[in-house]
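Inside the fold
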Amino acid sequence: MIRVAVAGAAGYIGGELLRLLIGHPEVEVVGAVSSRFPGKRVDGVHPNLRASTDLLFCSADEVGECDAVFLALPHRAVMTQIDHWTQRAELVIDLTGDFRLDDPSAFERYYGEEHQAPHLLDAFVPGLPELHRERLRSANLISVPGCMATSGVLALHPLVEHGLIETGAGVQIDARTGSSGSGSTAGPANLHAERSGAMRVFAPTSHRHEAEISQHLGVPARMTATGVEAVRGVQTICHATLRPGVDKAAVRRAYRRQYAEEPFVRVVAHQRGIFRYPDPKILLGSNFCDVGYALDEDTGRLTAIGALDNLVKGGAGNAVQCLNIRMGRPEALGLTFPGLHPL
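Summarised in this report is the structure supplied together with it.

What counts and what doesn't
Residues numbered from 1 in each chain as written. Predicted model: local features only at pLDDT ≥ 70, side-chain atom pairs only at ≥ 80, totals over all residues. Heavy atoms only, no water. Buried < 20%, exposed > 50% of the residue type's maximum accessible area, 1.4 Å probe, protein only. Helix = DSSP H or I, 4+ residues; strand = E, 2+ residues; numbered from the N terminus. Pairing = 2+ DSSP bridges. Right-handed = clockwise from strand over helix to strand, strands pointing away. Core = buried A, V, L, I, M, F, W, Y, C linked by side-chain atoms within 4.5 Å. Contact = heavy atoms within 4.5 Å. Phe/Tyr/Trp six-rings, centres within 6.5 Å; stacked < 30°, edge-to-face > 60°. Lys NZ or Arg CZ within 6 Å of the ring centre and 35° of its normal. Patch = residues over 30% accessible without salt bridge, like charges linked within 9 Å, V, L, I, M, F, W, Y side chains within 5 Å. Areas by Shrake-Rupley, 256 points an atom, 1.4 Å probe, with all protein chains shown as cover. Salt bridge = Lys/Arg side-chain N within 4 Å of Asp/Glu carboxyl O. Lys, Arg positive; Asp, Glu negative; His and termini not counted. Charge placed at Lys NZ, Arg CZ, Asp CG, Glu CD. Axes fitted to C-alpha atoms, helices over the stretch in contact; angles between N-to-C directions. Parallel < 35°, antiparallel > 145°, perpendicular 65-115°, else oblique. Left-handed = near helix turned anticlockwise from the far one by under 90°.

**Notes on the pairing of strand β4 (residues 89–94)**
The side chains of a regular strand alternate, residue by residue, between the two faces of the sheet. Across the 6 residues of β4, 5 count as buried, placing the element largely inside the fold. Sheet topology places strand β3 (residues 66–71) next to β4; 5 bridges connect them, and they run parallel. The partner of C66 across the bridge, within β4, is A89. Regarding topology, helix α3 (residues 78–86) serves as the crossover connection from β3 to the parallel β4, and that connection is right-handed. Looking at chain direction, β4 and strand β6 (residues 141–143) are connected through 3 bridges and run parallel. Following the sheet pairing, V92 is matched in β6 by L141.

**Thoughts on the nonpolar core**
In terms of nonpolar packing, the biggest core is built from 40 residues, with L159, V251, Y255 and V291 touching the most fellow members. Looking at this core, the element that brings in the most residues is helix α6 (residues 147–161), giving 8 residues. V251 has contacts with L159, L164, L242, V246, Y293, L295 and L302, leaving out every residue within four places of it along the chain. Core analysis: the second largest hydrophobic core is formed by 39 residues, L17, L49, V312 and V320 among them.

**Side note on the packing of aromatic side chains**
All chains considered together, the criterion is met by 5 aromatic pairs. Both rings, one in F37 and one in F57, keep their centres 6.1 Å apart while their planes meet at 35°; by these two values the pair is tilted. Of this pair, F37 sits in the loop between β2 (27–33) and α2 (42–45) while F57 sits in the loop between α2 and β3; the two residues are 20 residues apart in sequence, bridging distant segments of the chain. The exposure class of F57 is buried, given its relative accessible area of 2%. Summarising the aromatic geometry, the rings of F107 and Y111 are spaced 4.7 Å apart at their centres and angled 10° between planes, so their arrangement reads as stacked. Of this pair, F107 and Y111 both sit in helix α4 (residues 104–111), 4 residues apart, roughly one helical turn. For F107, a relative accessible area of 0% translates into the label buried. For R266, the ring lying beneath its charged end belongs to F288, and the centroid distance is 4.2 Å.

**Describing a positive patch on the surface**
There is a patch of like positive charges on the surface, built from K248, R252, R253, R256 and R257. Structurally, the position occupied by K248 is in helix α9 (residues 248–259).

**As for the packing of α6 against α9**
To characterise two packed helices, one gives the angle between the axes of the helices and the distance between these axes. Interhelical geometry of α6 versus α9 gives an angle of 110° and a closest axis separation of 9 Å. Classified by the interaxial angle, the pair formed by α6 and α9 is roughly perpendicular. The two elements α6 and α9 cross, and the hand of that crossing is right-handed. Contacts between α6 and α9 involve L154, A155, H157, P158, L159 and E161 from the former and V251, A254, Y255, Q258 and Y259 from the latter.

**Quick look at a negative patch on the surface**
Among the surface-exposed residues, D247, D296, E297 and D298 lie close enough to one another that they form a single negatively charged patch. Looking at where D298 falls in the secondary structure, it is placed in the loop between β12 (289–296) and β13 (301–308).

**As for the sheet that holds strand β10 (residues 234–241)**
Backbone hydrogen bonds are what pair the strands of a sheet, in a parallel or an antiparallel way. The strand order across the open sheet built from 7 strands is β8-β9-β7-β10-β13-β12-β11, with neighbouring strands paired in mixed fashion. The outermost strands of the open sheet, each flanked by one partner alone, are β8 (200–203) and β11 (265–267). Averaged over neighbouring strand pairs, the angle between their axes works out to 25° when direction is ignored. Where β10 meets β13, 8 bridges bridge the pair, whose relative direction is antiparallel. Note on β13: the bridge partner recorded for Q235 is A307. Across the sheet, α6 touches β7 (171–177), β8, β9 (221–227), β10, β11, β12 and β13, and the angle it forms with β13 is around 135°.

**Brief notes about the pattern of salt bridges**
Tallied over the full model, the rule gives 15 salt bridges. Note that E16 and R19 form a salt bridge whose closest N and O atoms lie 2.9 Å from each other. Taken together, the residues E16 and R19, both in helix α1 (residues 12–22) and 3 residues apart, mark about one turn of the helix. A salt bridge links D54 to R41, with the nearest nitrogen and oxygen atoms 3.4 Å apart. Here D54 is found in the loop between α2 and β3, whereas its partner R41 is found in the loop between β2 and α2, with 13 residues between them in sequence. Assessed through its relative accessible area of 63%, D54 is described here as exposed. Through salt bridges that share partners, E16, R19, R232 and D309 make up one connected network.

**Topic: the environment of A9**
Locating A9 in the fold gives a position in the loop between β1 (2–7) and α1. With 103 residues separating them in the primary sequence, A9 and G112 have C-alpha atoms 26 Å apart. Leave out the neighbours within four places in its chain, and A9 touches G14, G15, L18, A32, V33, H46 and F57.

**Points about the pairing of β9**
Along β9, 6 of the 7 residues are buried, which leaves the element largely enclosed by surrounding structure. Sheet topology note: the β7/β9 ladder contains 7 bridges and is parallel. Looking at the pairing, R176 lines up with T226 of β9. Summarising the sheet, β8 and β9 pair through 3 bridges and their orientation is antiparallel. Following the sheet pairing, V201 is matched in β9 by T226.

Now the structure itself:
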């Protein structure tokens, strides 16, 4: 059994990690760290886990040696605590933004402060199996990308990899996200009275995930982020310019070839039906990212679409997928829930 601990276990991402890891056939959860609820039952905070576990929350100091630790802490916390956690586990999987960017100056620009452990930025392997699977097999430090970054990167990656778009022109991403993306301790803007019925543009420019997309794809990215009424889910609408001579058949081949062997990426671009393009509604609770595309061959304008559950493929599920790869287990182990319909 793989012995794991989760730090930040009382949050939404922490709860999803516990849900997936408790149900994982080859994992034993030996620590659920919470600074707010030490000694309290886990299922008191995560009621969906009733009858699934008798775990109690503990403090960080109570966690002993284990095989892996997942860090679902607030942004900027991990870079000051990383030494504590590397002493507890050989494998550290970070789900915060602290080690997603490999350039300290980019971190300072997007997070508003100087990085506290810049010497470790190059040591972290991006936790995106579709792009970095081989590196993950031997990684001891893994940084899981942001939810909107994962959706945008997977939607655009085939186009960049197969040389189908004008990379110099950059890409524009319009991202929509549900309220759970703000975390379980979000402030007044996430009150039901303020959020319900709203479509709030909270980052018209310079969202931090655009830096991740640029870093992974090597393409200039500009991003707008909007909060919508949904609780879970991310959808990214990405705009790019096709290279001359590229047609729909070439785009279709690129997506099919890129993701033919990927267990958690599905190409969704149908001519008819209710869910013709990627829609997060049917992905809730699953580790799938659906990607699709539409293009105007007359103008060379292409729209790529990605959708996922921000708490699963956009966070906890992706982290468990990385754990499976690193530990030599089947990649889909514990992650095969397909989502619900209708919902």
